[in-house]
Amino acid sequence: MDFALSPEAEAVFDMARDVGRAEIAPHAREWEREGTIPRALWPKLAELGFGGLYVSADKGGSGLSRLEATLVFEALSQSCPSVAAFLSIHNMCAKMIELYGSEDLQERFLPRALTMESFFSYCLTEPGSGSDAAALKTRAERTNDSYALTGTKAFISGGGYSDAYIVMCRTGEAGPRGVSAVIIEDGAPGLSFGGLEDKMGWRSQPTRQVQFDACVVPAENLLGEEGHGFRYAMAGLDGGRLNIAACSLGAARAALSATLGYMAERKAFGQSIDQFQALQFRLADMEIELEAATVLLRQAAWKLDTGAADATKACAMAKKFVTEAGSRVVDQCLQLHGGYGYLADYGIEKLVRDLRVHQILEGTNEIMRLIVARQMLAAR
């Protein structure tokens, strides 16, 4: 059993870490204040292949494994988890287009997604259907050559910002078998957006409701087959859960590193505070928790890459454990900074706010427990 990363994987991590430090970290607080991410960032990341991390190389993507992709999100999150998570959403959409899009859809949308000239958002959640995603009500009525969508999506990262949206909508019966997926471009007739949401964290990501009022979508923008959209959406979520876990891991590691530096300089009772045994115990506990989180995350990514029968269970376990561990660690880092941790200048309070939502999105951690328990019971 080999736990070492390959030289290629280490190079991927180093590349992502370095571009994050150069292009994201110096601006993260400014972008948070402004509530948006400059579009000029994305072509810089696309030059490194980050617009299609796991899109196959023969389609112009980077062709990374899911394990290697988690390293990108872990590394970028050391600079800003909000930006890294936003990139994860775009990558999930790009992969869905490759996997399920017709040749025409791929030709029209995939090249611009890979260069990130077109940024994509993912629209599943609705005001009345969060964890019960299959209960979505946005309806698509088929006409001769198009669909007319009516409904509302909620909590959409990139709402009003993105160039295109993969939208889950109901084309048939109630339940998951009546759900289809379509691609809607910005500017489509009947497409509009709610006001900018005022959020606790992820504040650099513009988040709005996405609204459809008889929104006209060409029939050829159907992704895959009618009635298969829910399956496509759930398949994308396994990888998305790994990515969001990686974002928690990277941010928590950055917080712990900053805390070690702070504790070496901060003096109390005649010595640096990293010399107090009680505080050393806290440091050790955080390091142990992050190492356990790393192993669980990378094992889950390996299972997804190899098509293991229990990959969905493994991704759910990793998402639950790593996101909760990440939040505990950044909270403890804030505590060890004392009053300074509460100040924006030190960057820790931003990580506390940004990481909290990771326990909610890509399936709440309660749903992750449900997935794990159901698979345990089925295997009895």
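Everything below is about the structure printed above this text.
Cut-off values and rules
- Residues numbered from 1 in each chain as written.
- Predicted model: local features only at pLDDT ≥ 70, side-chain atom pairs only at ≥ 80, totals over all residues.
- Heavy atoms only, no water.
- Helix = DSSP H or I, 4+ residues; strand = E, 2+ residues; numbered from the N terminus.
- Rg over C-alpha atoms; globule rule 2.2 N^0.38 Å.
- Contact = heavy atoms within 4.5 Å.
- Areas by Shrake-Rupley, 256 points an atom, 1.4 Å probe, with all protein chains shown as cover.
- Patch = residues over 30% accessible without salt bridge, like charges linked within 9 Å, V, L, I, M, F, W, Y side chains within 5 Å.
- Salt bridge = Lys/Arg side-chain N within 4 Å of Asp/Glu carboxyl O.
- Buried < 20%, exposed > 50% of the residue type's maximum accessible area, 1.4 Å probe, protein only.
- Polar contact = N/O pair within 3.5 Å; in protein donor to acceptor, adjacent residues only side chain to side chain.
- Pairing = 2+ DSSP bridges.
- Disulfide = S-S within 2.5 Å.
- Expected span 1.5 Å × (residues − 1).
- Lys, Arg positive; Asp, Glu negative; His and termini not counted.
- Axes fitted to C-alpha atoms, helices over the stretch in contact; angles between N-to-C directions.
- Left-handed = near helix turned anticlockwise from the far one by under 90°.
- Nonpolar A, V, L, I, M, F, W, Y, C, P; charged D, E, K, R; others polar.
- Core = buried A, V, L, I, M, F, W, Y, C linked by side-chain atoms within 4.5 Å.
- Bend = angle between axes of the 7 residues up to and from the residue.

**Q** Before we go on, may I ask you to explain the overall build of the protein chain in this structure?
**A** For the protein chain, the count of helices and strands is 11 helices and 10 strands. For 380 residues, the compact-globule estimate of 2.2 N^0.38 gives 21 Å, and the protein chain sits close to it at 21 Å. Referenced to the eigenvectors of the C-alpha coordinate spread, the extents of the protein chain come out at roughly 80 × 50 × 40 Å. Contacts in the protein chain between residues far apart in sequence, at least 24 positions, make up 73% of those at least 6 positions apart. Of the roughly 16500 Å² of accessible surface on the protein chain, a fraction of 53% belongs to carbon and sulfur atoms.

**Q** What is the right way to look at a nonpolar patch on the surface in this model?
**A** On the surface, Met1, Phe3 and Val295 cluster together to form a nonpolar patch covering roughly 430 Å² of accessible area. Note that Met1 resides in the segment before α1 (7-23). Given a relative accessible area of 92%, Met1 falls into the exposed group.

**Q** What is the right way to read the environment of Glu324 from this model?
**A** Structurally, the position occupied by Glu324 is in helix α9 (residues 311-337). Along the primary structure Glu324 and Ser248 are separated by 76 residues, whereas in three dimensions their C-alpha atoms are 8.4 Å apart. Excluding residues within four positions of it along the chain, Glu324 makes contact with Gln359, Asn365 and Arg369. Within the structure, the side chain of Glu324 is placed 3.2 Å from the side chain of Lys320, a separation counted as a polar contact.

**Q** Mind showing me how you'd approach the pairing of strand β3 (residues 146-157) here?
**A** Here strand β2 (residues 139-142) pairs with β3 via four bridges, running antiparallel. Bridging from a neighbouring strand, Ala140 pairs with Leu149 of β3. In this antiparallel pair of consecutive strands, β2 and β3, the connection spans three residues.

**Q** Looking at this model, I keep getting lost on the state of the cysteines. Mind explaining?
**A** A covalent bond between the sulfur atoms of two cysteines is what we call a disulfide. If you walk through the whole model with that rule in mind, you get zero disulfides. Looking at the unpaired Cys247, the closest cysteine sulfur is the one in Cys80, lying at 9.5 Å. Summary of cysteine pairing: Cys315 is not part of a disulfide, and the nearest cysteine sulfur, belonging to Cys247, is at 15 Å.

**Q** What should I look at first to understand α9 in this one?
**A** Along an α-helix, residues three or four positions apart point the same way, because every turn accommodates 3.6 residues. Spanning 27 residues, α9 covers 38 Å between terminal C-alpha atoms, matching the ideal 39 Å at 1.5 Å per step. Two residues or fewer after α9 comes Gly338, characterised by a positive phi angle close to 65 degrees.

**Q** Would you explain the side chain of Lys199 in this entry?
**A** Here Lys199 is to be found in the loop between β6 (191-193) and β7 (207-218). Of the side chains bearing the opposite charge, Asp198 lies closest to the buried Lys199, which forms no salt bridge; the N-O distance is 7.6 Å. A distance of 3.1 Å separates the side chain of Lys199 from the backbone oxygen of Trp202, its partner in a polar contact.

**Q** Before we go on, may I ask you to explain unusual backbone geometry in this structure?
**A** Trans is the common state for peptide bonds, and a negative phi is the common state for residues other than glycine. In this model, Met116 sits at a positive phi of 60 degrees, which is unusual for a non-glycine residue. Relative to the helices and strands, Met116 is located in the loop between α6 (103-115) and β1 (120-123). Of note, the phi angle at Phe155 is positive, near 60 degrees, even though the residue is not glycine. By the secondary structure assignment, Phe155 is in strand β3.

**Q** How should I be thinking about the packing of α9 against helix α11 (residues 365-378) in this particular structure?
**A** Two elements in contact, α9 and α11, have axes whose closest approach is 9 Å; the angle formed by their N-to-C orientations is 145 degrees. The crossing of α9 and α11 is left-handed. In contact with Thr312, Lys313, Ala316, Met317, Lys319, Lys320, Thr323 and Glu324 of α9, α11 contributes Asn365, Met368, Arg369, Ile371, Val372, Gln375 and Met376. Its residues assigned to classes, the contact of α9 with α11 comprises six nonpolar, four polar and five charged.

**Q** Would you take a moment to explain the side chain of Ser204 for this structure?
**A** Following the sequence through the fold, Ser204 ends up in the loop between β6 and β7. Once residues within four sequence positions are removed from consideration, Ser204 is found in contact with Trp31, Glu32, Gly35, Thr36, Ile37, Ser82 and Val83.

**Q** Help me understand the nonpolar core, please; the structure alone is not making it clear to me.
**A** Note that soluble globular proteins tend to have their nonpolar side chains buried in a common cluster. Core analysis: the largest hydrophobic core is formed by 96 residues, its most contacted members being Trp42, Tyr122 and Met168. No other element matches helix α7 (residues 229-265), which puts 16 residues into this core. With residues near it in sequence (within four places) discarded, Trp42 still touches Ile37, Val83, Phe86, Leu87, Met116, Phe119 and Tyr161. By size, the runner-up hydrophobic cluster in this structure holds 18 residues, among which are Ala140, Leu191, Val217 and Ala219.

**Q** Which parts of the structure should I look at to understand α7?
**A** With 37 residues, α7 should cover 54 Å at 1.5 Å per step; its first-to-last C-alpha distance of 54 Å lies within 8% of that length. Remark: the principal bend of α7, roughly 30 degrees, maps to Asp238. Counting buried positions along α7 gives 26 out of 37 residues, so the element sits mostly inside the fold.

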